[in-house]
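# Results of the structural survey
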Amino acid sequence: MKLLTIIGARPQFIKASVVSKAIAEQVDLSEIIIHTGQHFDANMSDIFFDQLGIPRPNYLLDIHGGSHGEMTGRMLSEIERVMIKEKPDRVLVYGDTNSTLAGALAAAKLHIPVAHIEAGLRSFNMRMPEEINRILTDQVSDLLFCPTQAAIDNLAREGFSDKPVQVLNVGDVMQDSALFFAQRATAPQGFDLSDGFILTTLHRAENTDDLARLEAIVGALNTIHATVAHVVLPLHPRTKAAIAKAGLILNVHVIEPVGYLEMIWLLQRCALVLTDSGGVQKEAFFFGKACVTMRDQTEWVELVDVGANKLVGADQANIVATVGRLYGQKVEDQHQLYGGGQAAERIAKYLSSK
Ligand code: UDP
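From a predicted model like this one, the values you see are computed outputs, not experimental measurements.

Calculation notes
Residues numbered from 1 in each chain as written. Predicted model: local features only at pLDDT ≥ 70, side-chain atom pairs only at ≥ 80, totals over all residues. Heavy atoms only, no water. Helix = DSSP H or I, 4+ residues; strand = E, 2+ residues; numbered from the N terminus. Buried < 20%, exposed > 50% of the residue type's maximum accessible area, 1.4 Å probe, protein only. Polar contact = N/O pair within 3.5 Å; in protein donor to acceptor, adjacent residues only side chain to side chain. Contact = heavy atoms within 4.5 Å. Pairing = 2+ DSSP bridges. Right-handed = clockwise from strand over helix to strand, strands pointing away. Phe/Tyr/Trp six-rings, centres within 6.5 Å; stacked < 30°, edge-to-face > 60°. Lys NZ or Arg CZ within 6 Å of the ring centre and 35° of its normal. Axes fitted to C-alpha atoms, helices over the stretch in contact; angles between N-to-C directions. Arc of directions from axis to C-beta.

Relative to the elements of secondary structure, K289 occurs in the loop between α12 (279–286) and β12 (291–293). Overall, K289 belongs to the buried group, its relative accessible area being 8%. Here Q268 takes part through its backbone oxygen, which lies 2.7 Å from a polar atom of the side chain of K289. Every residue in contact with K289, bar those within four places of it in the chain, is listed here: L267, Q268, R269, C270, V273, A284, Q329 and V331.

Glancing now at the pairing of strand β9 (residues 231–234). Residues of β9 alternate between two faces, with V231 and L233 on one and V232 and P234 on the opposite face, all of them buried. Alignment of β9 against strand β10 (residues 253–255), held across three bridges, turns out to be parallel. Along β10, the bridge assignment pairs V232 with H253. Where the polypeptide runs from β9 across helix α10 (residues 237–246) and back to β10, its parallel neighbour, the crossover connection is right-handed.

It is worth spelling out the packing of aromatic side chains at this point. If you walk through the whole model with that rule in mind, you get 10 aromatic pairs. Summarising the aromatic geometry, the rings of F285 and Y338 are spaced 6.1 Å apart at their centres and angled 70° between planes, so their arrangement reads as edge-to-face. Taken together, the residues F285 in helix α12 and Y338 in the loop between α14 (316–326) and α15 (343–353) connect sequence positions 53 residues apart. One exposure class covers both F285 and Y338, and it is buried. With a centroid separation of 5.9 Å and an interplanar angle of 65°, the aromatic rings of W300 and Y338 are classed as edge-to-face. In this pair, W300 is assigned in the loop between β12 and α13 (301–305) and Y338 in the loop between α14 and α15, connecting sequence segments 38 residues apart. For W300, a relative accessible area of 2% puts it in the buried group. The class of Y338 is buried, set by a relative accessible area of 1%. By the ring-pair criterion, three or more aromatic residues cluster together here, those being F285, F286, W300 and Y338. The ring of F160 is capped by K163, whose NZ or CZ atom sits 4.2 Å from the centre of that ring.

Moving on, we come to the sheet that holds strand β3 (residues 59–60). What the seven strands build is an open sheet, ordered β3-β2-β1-β4-β5-β6-β7; its pairing is parallel. Every interior strand has two partners, whereas the edge strands, β3 and β7 (166–169), have only one. Examined bridge by bridge, strand β1 (residues 2–7) and strand β4 (residues 90–94) share four bridges and lie parallel to one another. The residue of β4 that forms the bridge with T5 is L92. Across the sheet, helix α1 (residues 10–24) touches β1, β2 (30–35), β4 and β5 (114–117), and the angle it forms with β4 is around 140°.

So, on to the pairing of β4. The buried fraction of β4 is high, at five of five residues. Since β4 and β5 lie parallel, the crossover through helix α4 (residues 98–109) that links them has a hand, and here it is right-handed.

Time to look at α14. Each turn of an α-helix holds 3.6 residues, which means side chains three or four residues apart point in the same direction. Every buried residue belonging to α14 is among I319, T322, V323 and L326, and all of these are buried. Down the axis of α14, the buried set is contained in an arc of 100°. They therefore lie on one face. Those residues of α14 that are exposed and aimed more than 90 degrees away from the buried face are A317 and R325. Along its buried surface, α14 packs onto β8 (198–201), α9 (211–227), β11 (272–275), β12 and β13 (309–311). The backbone nitrogen of A317 lies 3.2 Å from a side-chain oxygen of the residue at the head of α14, namely D315. G328 lies just past α14 and shows a positive phi near 85°.

Coordinates in, geometry out; function isn't part of it.
As structure tokens, this is what we get:
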């Protein structure tokens, strides 16, 4: 079976690293990869291919920037062109980015079956571009690989149980990557803090594109850095641009975006995670750290249920108070919430049995 995988953004490289490896182990599966170019800086793209052993993309589309419609539209037409040429038996898409939606939609219109990895997640906030992407991608997929029971429940509520599609709880491929690469963690170059820092990431459009939220978050980070502990922030290029445009001053330990092996090193040593990322919320849990999430909703509701994750929105006082309260708190994974690290193997075996 010839698979065509579509990736384009940082979290997709990390997810694909373990799935592509598992696919290569199935003799009856072959894989072609399209990289849409959505993330293109060396430290947002190349470094992951170098570090994680992801096969080089067969097609590099170099599509990035512009509005959502423009980016998705260009991807749709370029991806369709490759699909017509390659005639894959199945298309594989990950997560919730514009690359995910463009790949799924192009395939569905050509009647090529679509498998969605990380299906069924919902934030129930239709103002998030990711929510639109995931709902539409699920609608045109016939194989829905869910990471959690909550995702299965969401799809059941949306009537997927009555559709001629397969919905499977395979676990979370990000747990596979965290476990697989944990032994290979390396310190970011020139990083001179050892323990006792707060690892922060910030890049969701709802925070970076809303001045009031961005101001409140930057204010909170500066206060925490001055009063609680060092805030280490590998700064996403979009956030860097938004902060500069708004004329805000960040007084924290800013570093360039790091590779995944460096990110794991930071996760292993930090005293707390403060983030608005999807993936990083779970990685905090995988590495036994409490997480404070600067969003109003999360797709990873089970972490909130077990008390490992606190949602604080963009409320400056709440962010500062919650970070102060949870700083240094350990979290134990006794719950097997994410499948235990065999998701990629389950996915590849299932694809090979089709
Ligand atoms: N990540 C990384 N380097 C960084 C920041 C994040 O390798 O400087 C990793 C992080 O560990 C996680 C993934 O990128 O595996 C999450 O991606 P991101 O936060 O960009 O996207 P989201 O998960 O929110 O969609």
